[in-house]
Amino acid sequence: MHIINLVIEIVFGIALFINGIIVIPQIIKLRQIKNSNDLSFPSFFGFWLLQMIFFLHGYFYKDYMLMSGMAFAMIPNGVLVFQIIYYRQKNLLVRNKNK
């Protein structure tokens, strides 16, 4: 039974790490193209909000692995959400200026 627990802990840790880095290619691409019109703000903000809820769950139930994994994942996802807002506002200002 202990080996199963160990395997699950390792797989869970790897999944938390992947959850944190999975949006990095999107961050890089968005920085290159500087246009977030094709991205869904509600989806990425929703992911960030869910990560916050899981972080709080980990905090209150003293699941430090979940809490640290969600804290790690919230950083790049938060950067992506910020980029979406930033480039939408920037592109909106440019369009309004060109009218």
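Note that this is a predicted model, so its numbers are computed, not measured.

**Q** Quick question: what am I supposed to make of the overall build of the protein here?
**A** A tally of helices and strands in the protein yields 4 helices and 0 strands. Written out in order from the N terminus, the α and β elements of the protein read α-α-α-α. Relative to the globule expectation of 13 Å for 99 residues, the C-alpha radius of gyration of the protein, 17 Å, shows a markedly less compact shape. Along the three orthogonal principal directions, the C-alpha set of the protein runs to about 65 × 25 × 15 Å. A total of 99 residues make up the protein; the buried ones form 24% of that total. A separation of at least 24 residues holds for 77% of the contacts in the protein among residues at least 6 apart in sequence. Accessible surface, the protein: about 7,300 Å² in total, of which carbon and sulfur atoms supply 72%.

**Q** Please explain the packing of helix α3 (residues 41-60) against helix α4 (residues 64-97) as it appears in this structure.
**A** Running from N to C, α3 and α4 cross one another at 155°; their axes reach a closest spacing of 9 Å. What the angle tells us is that α3 and α4 run roughly antiparallel. Pair α3 / α4 crosses with left-handed handedness.

**Q** What is the right way to read the packing of aromatic side chains from this model?
**A** Any aromatic ring pair is given by two values, namely how distant the centres are and how the planes are angled relative to each other. Evaluation of the coordinates by the stated rule reveals 7 aromatic pairs. An angle of 10° between the planes, with centres 5.7 Å apart, marks the rings of Phe17 and Phe72 as stacked. A residue pair is termed long-range when its members are at least 10 positions apart, and Phe17 in helix α1 (residues 2-21) and Phe72 in helix α4 qualify at 55 residues. Each ring, one from Tyr59 and one from Phe60, has its centre 5.2 Å from the other, and the planes form 75°; the classification is edge-to-face. Taking relative accessible area as the criterion, Phe60 reaches 59% and is therefore assigned exposed. One aromatic cluster is present, built from ring pairs that chain together Phe41, Phe45 and Trp48.

**Q** I'm lost on unusual backbone geometry in this one. Help?
**A** The bulk of non-glycine residues show a negative phi, and the bulk of peptide bonds are trans. The phi torsion at Lys34 lies on the positive side, around 55°, for a residue other than glycine. Here Lys34 shows up in the loop between α2 (24-33) and α3. When its relative accessible area of 38% is taken as the criterion, Lys34 is described as partly exposed. Positioned with a positive phi, Lys62 is a non-glycine residue whose angle comes to about 55°.

The rules behind each value
- Residues numbered from 1 in each chain as written.
- Predicted model: local features only at pLDDT ≥ 70, side-chain atom pairs only at ≥ 80, totals over all residues.
- Heavy atoms only, no water.
- Helix = DSSP H or I, 4+ residues; strand = E, 2+ residues; numbered from the N terminus.
- Rg over C-alpha atoms; globule rule 2.2 N^0.38 Å.
- Buried < 20%, exposed > 50% of the residue type's maximum accessible area, 1.4 Å probe, protein only.
- Contact = heavy atoms within 4.5 Å.
- Areas by Shrake-Rupley, 256 points an atom, 1.4 Å probe, with all protein chains shown as cover.
- Axes fitted to C-alpha atoms, helices over the stretch in contact; angles between N-to-C directions.
- Parallel < 35°, antiparallel > 145°, perpendicular 65-115°, else oblique.
- Left-handed = near helix turned anticlockwise from the far one by under 90°.
- Phe/Tyr/Trp six-rings, centres within 6.5 Å; stacked < 30°, edge-to-face > 60°.

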